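Structural overview for review
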Amino acid sequence: MWQRSSSCTVSLCAGLNIPAFACGSFASAGSTMNGQNCCKDRHNCGPTKILPANHNPVAAAVTSHRHQIVGKNRGEESLTKSGRAFSSTAPQINNKTYLWARYNEMKRLVHDLIPPGVCNLLNPSTIYANNEVNLEEVDIYGFDYDYTLALYSSALDEMIYNKAREFLVQHYKYPEEISKYDYIPNFAARGLHYDIQKGLLMKIDAFHYIQLGTVYRGLKPVPDDEVMKLYGGSNHVPLHQVSGFYGKGPKMKQFMDVFSIPEMTLLAAANDYFISNDIEYDPEHLYKDVSDAIGMVHIKGYMYKWIMQDLEKYILRGDETYAVLHRLASQGKKLFLITNSPFSFVDKGMKYMVGKEWRDFFDVVIVQADKPHFFNDCIKPFRRLDSNGDLQWDRIKTLEKGQIYKQGNLVDFLKLTGWRGSKVFYFGDHLYSDLADLMLRHGWRTGAIVPELEMETKVVNTEQYAQGLTWLQALTGLLERMQVLHQHSSCLGYKNIYPDKFTKNLFNPHFGSIFRTCHNPTYFSRRLCRFSDLYMASISCLLNYDLSYTFYPRRTPLQHEAPLWMDQLCTGCMKTPFLEEMAHIR
C-alpha cells in the first residue's frame, strides 16, 4: 500500500520509506533541497490519504508523474537548450552541492531498499532458459563426455599447466627461469580473448568493446590510456578480428572451454617472464608454442593417464551422472554419446561413475569424433571398435546398441539413426565445438554445461552483491538524469564513484564475471544465449525437473519496455530528456 503524507514520503511495500524527490519530485522544477515543495503548485502534498488495497502503485506513480509534467506552468522562467525552451522555478544553488546531496540521499535509499531475505534466492541447481523448451517433445538425449558427463576437479588444471610448462622449457627450449612461475589458481576465466600479435589477455563485451581494467600483458594490468593507444584511440575491436565462427579470428583467439584455463595462465606467465626481464620476443611465436605444449599434454595422453590413475581425486559427482542416465533410460528416452576422448579413457571413467554395464544406457556411443568437424563436414566415415578398442574394417550400415564407433560425421549419423530436429537434445560444455552447428544448422535442442554458474550463483546470493548491484543501477540512473538537469554533473567524478570495480572483484579480481562486463553482457554470454536453448551448472540439474516440464525464457524487459526500472524509479521515472515537451506533442 502506498501512502502520501505531508512530509512527502512514499511508503513502498514492506515499510520502505522513499523520499518523494527520489520518486519524481526532484526531477520536477519546483523541488527544493529539503524536498518539502514536492508538488508543481508549490504546495505541500496535503494530508495523509489511505489508498484502497487494489490500488496499482505503478500506475499511480506514472499518473502522478504525468501530472507533474503536463501541469507545468509554461510561463515560468525559460531556459534554452539545443533550440528547445523549457521552464524552471528551482532556486539557484551550487551544482556540486546539489548533486552530492542527491548522491548521498540515493545511497541511503538504496541501502533501505534491500529487504531482509532478498539474498539466497537463486538455487545453483536451476536450469536457465534462453528459448522455450518442452521436454515432453524430446525423445533423444545426447551428451559430450568431458565436463558434461564427467566433471573434473580444479586440481587437474595445475597438472596440465605444470606439464605444458615442462614441454615449453624442455621441448621448445624456452628459458629455464619460466619453470619458476607456479600455477596461479583463479587468475584466468573462461571466455576471455587473447590478442595473438600484442600478447594481451582481455575481456570483450557483446558489442566487441574491450572492458577497460581487464586487459593484462603478462601478469600485470595494462593502463586504460595505453589500451586505447594500442587499438587506435578506441577500445572497440572490429568483428573480423574478434572471432570467426569457431572462436578464432586472424588476430584474436577466444578461449571457450574449461581446459583452456591453464593455457591462458601459462601464456600470461611466459609473457610476464620476457617483459620483466626486458627480453625481446615474438608474441605470435609464444602463442603457438604454448598452444602446442598444451596440446601435447592431451595428445600424448598425460591428462588421460592422471585421471585414470586417480579417478576419485579428479572426477566429481559421478553418482549424479548415474542418476541422470538411469532416470532418462527408465522413462524410455534414447541416449547417445559423442565425445572427442578415446574409448579406453571414457570406458574407465564411465565404469567408475555409472558401473560396468554403462553401455546398456546408450543406444549409440561415438569416441574420438573430432568435433567440431564431426558436425560440419562428411569426410570421415564411421569405424567400429572391438571390445579391446581395436579398429575393425567392416562397412558401417547401422549404428547398433552395445557397439563402439570412432570418428564419423553428422550427415551419416542422421541417415543411420533418423534422429532429427527438436526431438533431439544434446548437452556439451564447448559452445562452438559442441553446440553451435547443432543449433544453427540442424535444429537440435542444445544445453550448455557451465560449471562456473555454481560459484557465480553463490556470489549473486550474497548481501554484498545485492547491495552493490542495486546501487550500481540506481547510480547509473542518477548520473543519466543529472546530466540533463545540470551540465556540470561531471563534478560528481564519474570514475571515482562508479562501483563497477566492486562488483567485478566479487567474482574474479582480474576479469570479473564470465557473463557480464560493467553494463553489457560479455562476448561469452552473447554466444551462450545464441547457441544454447538451456544452460546449467551440470547435467545433474535435470534431476530437479519432470521430463514433461516446459522451460520458458524470462521476458526480460527490453530497454524500451522498462519504464520503471530501479534507476528510473529512484530518479524520477524520466530517462528521456525533454520528456515534458514530448508529452505536450502527444
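Note that the structure is predicted; figures quoted are calculated from it, not measured.

1. Re helix H14 (residues 431-442)
Across the 12 residues of H14, nine count as buried, placing the element largely inside the fold. Of the residues making up H14, those classed as buried are Leu 431, Tyr 432, Ser 433, Asp 434, Leu 435, Ala 436, Asp 437, Leu 438 and Met 439. Where H14 is buried, its residues meet strand S15 (252-254), helix H12 (373-376), helix H13 (410-417), strand S21 (424-428), strand S22 (445-449) and helix H19 (523-531). Looking one or two places after H14, you find Gly 443, whose phi comes out positive at around 70°.

2. Quick look at the sheet that holds S22
Strand order in this open sheet of nine strands is S7-S23-S22-S21-S9-S17-S18-S20-S19, and the pairing throughout is mixed. Two strands in the sheet have a free side with no partner beyond their single neighbour: strand S7 (128-129) and strand S19 (382-385). Here strand S9 (residues 140-143) pairs with S21 via four bridges, running parallel. Note on S21: the bridge partner recorded for Gly 142 is Tyr 426.

3. Topic: the packing of aromatic side chains
What characterises a pair of aromatic rings is the spacing of the ring centres plus the angle enclosed by the ring planes. Per the counting criterion, the structure on display carries 39 aromatic pairs. Between the aromatic rings of Phe 425 and Phe 427, the centroid separation amounts to 4.5 Å while the plane-to-plane angle is 5°, which identifies the pairing as stacked. Residue classification places Phe 427 among the buried residues on the basis of a relative accessible area of 1%. Aromatic rings pair up to connect Phe 336, Phe 374, Phe 375, Phe 382, Tyr 405, Phe 413, Trp 419, Tyr 426 and Trp 444 into one cluster. Its guanidinium or amino end placed over the ring of Tyr 231, Lys 198 lies 4.7 Å from that ring's centre, counting from NZ or CZ.

4. Comments concerning the nonpolar core
If you look at the biggest cluster of nonpolar residues, it comprises 86 residues, and the most contacted ones within it are Tyr 141, Phe 143, Tyr 145, Tyr 152, Met 303, Met 350 and Phe 362. Broken down by element, the residue count for this core peaks at nine residues, all from helix H6 (residues 260-276). Beyond its immediate sequence surroundings of up to four residues, Tyr 145 is in contact with Ala 150, Tyr 152, Ile 315, Leu 337, Thr 339, Ser 341, Phe 345, Val 346, Gly 349, Met 350 and Met 353. Core analysis: the next-biggest nonpolar cluster, separate from the first, contains 48 residues, Val 364, Leu 414, Leu 528 and Ala 537 among them.

5. Thoughts on the pattern of salt bridges
In the structure shown here, the tally under the stated rule is 16 salt bridges. Put simply, Arg 190 and Glu 452 hold a salt bridge, and the shortest N to O gap is 2.9 Å. Within this pair, whereas Arg 190 is found in the loop between helix H3 (155-170) and strand S11 (193-195), its partner Glu 452 is found in helix H15 (residues 452-460), the two being separated by 262 residues in sequence. For the pair formed by Arg 190 and Glu 452, the shared burial category is buried. Measuring nitrogen to oxygen at the nearest pair gives 2.8 Å for the salt bridge that ties Asp 434 to Lys 371. Of this pair, Asp 434 sits in helix H14 while Lys 371 is found in the loop between strand S18 (364-367) and H12, placing the two residues 63 residues apart along the sequence. Looking at Lys 371, the relative accessible area reads 7%, which means it is buried. A single salt-bridge network, built from bridges that share partners, covers Asp 144, Lys 371 and Asp 434.

6. Things to note about the confidence of the model for the chain
Looking at the chain, pLDDT values average 79 and 73% of them are 70 or higher. Scored below 50 in pLDDT, residues 1-86 shows 156 contacts in the model against residues more than four places distant or in partner chains. Here residues 564-586 is a poorly scored stretch, pLDDT under 50, and it has 63 contacts once near neighbours within four places are set aside; other chains count.

7. Remarks on the sheet that holds strand S12 (residues 200-202)
Strand order in the open sheet made by the five strands is S14-S13-S12-S11-S15, with antiparallel pairing throughout. Every other strand in the sheet has two partners, leaving strand S14 (220-221) and S15 as the edge strands with one partner each. Pairing of strand S13 (residues 216-217) with S14, which is carried by two bridges, proceeds in the antiparallel orientation. Opposite Arg 217, over in S14, you have Lys 220 as the bridge partner.

8. Remarks on the side chain of Gln 211
Residue placement: Gln 211 occurs in the loop between S12 and S13. Accessibility expressed as a relative area gives 12% for Gln 211, which makes it buried. In this structure, Gln 211 is in contact with Lys 203, Lys 504, Phe 511, Thr 517 and Cys 518, ignoring residues within four places of it in sequence.

9. Quick look at the packing of H6 against helix H7 (residues 283-299)
Interaxial distance between H6 and H7 falls to 10 Å at its minimum, and their mutual angle equals 140°. Judged on the interaxial angle alone, H7 and H6 are oblique. The crossing of H6 and H7 is right-handed. Mapping the contact onto sequence places Pro 262, Glu 263, Leu 266, Leu 267, Ala 270, Asn 271 and Phe 274 in H6 and Leu 286, Tyr 287, Val 290, Ser 291 and Ile 294 in H7. In terms of residue class, the contact of H6 with H7 is made up of nine nonpolar, two polar and one charged.

10. Here's the deal with a negative patch on the surface
A cluster of acidic residues, Glu 132, Glu 136, Glu 137 and Asp 546, forms a negative patch on the protein surface. In this structure Glu 136 comes out as exposed when scored by relative accessible area, which is 55%.

11. A look at H7
In a regular helix each residue adds 1.5 Å, so 17 residues correspond to 24 Å; H7 covers 24 Å between its end C-alpha atoms and thus fits that length. Of all the residues in H7, the buried ones are Pro 283, Leu 286, Tyr 287, Asp 289, Val 290, Ala 293, Ile 294, Met 296, Val 297 and His 298. Buried-residue contacts for H7 involve H3, S11, S15, H6 and helix H8 (302-309). N-capping of H7 is provided by Asp 282, with a side-chain oxygen placed 2.8 Å from the backbone N of Glu 284. Taken from the residues just after H7, Gly 301 is the one with a positive phi, measuring 80°.

12. Digging into the packing of H3 against H6
Their axes nearest at 9 Å, the elements H3 and H6 cross at an angle of 45°. As summarised for this structure, H3 and H6 are arranged oblique, according to the angle between their axes. Seen along the crossing, H3 lies across H6 with a hand that is right-handed. Taking contact as the criterion, the partners of Asp 157, Ile 160, Tyr 161, Ala 164, Arg 165 and Leu 168 in H3 are, on H6, Ile 261, Pro 262, Thr 265, Leu 266, Ala 269 and Ala 270. Along the lines of polarity and charge, the residues of the contact of H3 with H6 split into nine nonpolar, one polar and two charged.

13. Details of unusual backbone geometry
Here the bond from Lys 371 into Pro 372 is cis, since omega is 5°, no more than 30 degrees from zero. Along the chain, Pro 372 turns up in the loop between S18 and H12. Residue Asn 186 is not a glycine yet carries a positive backbone phi of 65°. Tracing the sequence through the fold places Asn 186 in the loop between H3 and S11. Of note, the phi angle at His 208 is positive, near 70°, even though the residue is not glycine.

The rules behind each value
Residues numbered from 1 in each chain as written. Predicted model: local features only at pLDDT ≥ 70, side-chain atom pairs only at ≥ 80, totals over all residues. Heavy atoms only, no water. Buried < 20%, exposed > 50% of the residue type's maximum accessible area, 1.4 Å probe, protein only. Helix = DSSP H or I, 4+ residues; strand = E, 2+ residues; numbered from the N terminus. Contact = heavy atoms within 4.5 Å. Pairing = 2+ DSSP bridges. Phe/Tyr/Trp six-rings, centres within 6.5 Å; stacked < 30°, edge-to-face > 60°. Lys NZ or Arg CZ within 6 Å of the ring centre and 35° of its normal. Core = buried A, V, L, I, M, F, W, Y, C linked by side-chain atoms within 4.5 Å. Salt bridge = Lys/Arg side-chain N within 4 Å of Asp/Glu carboxyl O. pLDDT = per-residue confidence, 0-100. Axes fitted to C-alpha atoms, helices over the stretch in contact; angles between N-to-C directions. Parallel < 35°, antiparallel > 145°, perpendicular 65-115°, else oblique. Left-handed = near helix turned anticlockwise from the far one by under 90°. Nonpolar A, V, L, I, M, F, W, Y, C, P; charged D, E, K, R; others polar. Patch = residues over 30% accessible without salt bridge, like charges linked within 9 Å, V, L, I, M, F, W, Y side chains within 5 Å. Areas by Shrake-Rupley, 256 points an atom, 1.4 Å probe, with all protein chains shown as cover. Lys, Arg positive; Asp, Glu negative; His and termini not counted. Charge placed at Lys NZ, Arg CZ, Asp CG, Glu CD. Expected span 1.5 Å × (residues − 1). Polar contact = N/O pair within 3.5 Å; in protein donor to acceptor, adjacent residues only side chain to side chain.

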